[in-house]
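Breakdown of the fold
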Amino acid sequence: HHFLQSDLIDMLESLPGDRCGAWVASGWVSAIKSEEFIDRLNKLQIGWSETGSKTLKAAATAAIRTYRGIR
């Protein structure tokens with residue numbers, strides 16, 4: 001639902017990236033559709049690719065590459 005996108009992104013932004021695993025970095029393409037929230041997710045993934053846990057960095061980097069191919 002469109003109106004839940006903001007809550008989902010808010011929740012993802014509140015997670016401690018240095019303690020999260022790979023699960024948090026992908027699978028949101030079907031849930032996040034609005035350009036505003038896609039931009040927020042992209043910024044969040046870029047941050048995770050730089051400062052997240054080791055597994056999250058790798059997963060976020062892969063997700064960024066994958067999403068560029070989709071969008």
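Provided above is the structure to which this section pertains.
The following paragraphs examine the structure supplied in this document. (Residues numbered from 1 in each chain as written. Predicted model: local features only at pLDDT ≥ 70, side-chain atom pairs only at ≥ 80, totals over all residues. Heavy atoms only, no water.)

Considerations on the overall build of the chain
As a reminder of what qualifies: Starting at the N terminus, helices and strands are each numbered in turn, a helix being any DSSP run of H or I of at least four residues and a strand any DSSP run of E of at least two. Burial status follows relative accessibility: with a 1.4 Å probe on protein chains alone, a residue under 20% of its type maximum counts as buried, one over 50% as exposed, and anything between as partly exposed. It only takes one pair of heavy atoms within 4.5 Å for two residues to be counted as in contact. Here the open area of atoms and residues is found with the Shrake-Rupley method and a 1.4 Å probe, where only the protein chains shown may cover a residue. Under this rule, positive means Lys or Arg and negative means Asp or Glu; His and the chain ends count for nothing. Taken as the charge centre is NZ of Lys, CZ of Arg, CG of Asp or CD of Glu, depending on the residue.
Secondary structure summary: the chain contains three helices and zero strands in total. The helix and strand sequence of the chain, counted from the amino end, reads α-α-α. Structurally, the chain occupies a C-alpha span of about 30 × 25 × 15 Å along its principal axes. When the 71 residues of the chain are sorted by exposure, 35% land in the buried category. Counted over contacts in the chain with a minimum sequence separation of 6, partners at least 24 positions apart contribute 65%. A total of about 4,400 Å² of accessible surface is found on the chain, and carbon and sulfur atoms cover 56% of it. Across the chain, the centroid of the 9 positively charged side chains sits 10 Å from that of the 8 negatively charged ones.

What to know about the nonpolar core
Keep this limit in mind: Nonpolar cores were defined as sets of buried Ala, Val, Leu, Ile, Met, Phe, Trp, Tyr and Cys residues, with membership established by side-chain atoms within 4.5 Å.
Core analysis: the largest hydrophobic core is formed by 18 residues, its most contacted members being Leu12, Trp28, Ile32 and Trp48. Looking at this core, the elements with two or more residues in it are helix H1 (5-14), helix H2 (35-51) and helix H3 (54-70). The residues contacting Trp28, other than those within four sequence positions of it, are Leu8, Leu12, Trp23, Leu41 and Tyr67.

Quick notes on the environment of Ile32
By the secondary structure assignment, Ile32 is in the loop between H1 and H2. Its relative accessible area of 1% is what places Ile32 among the buried residues.

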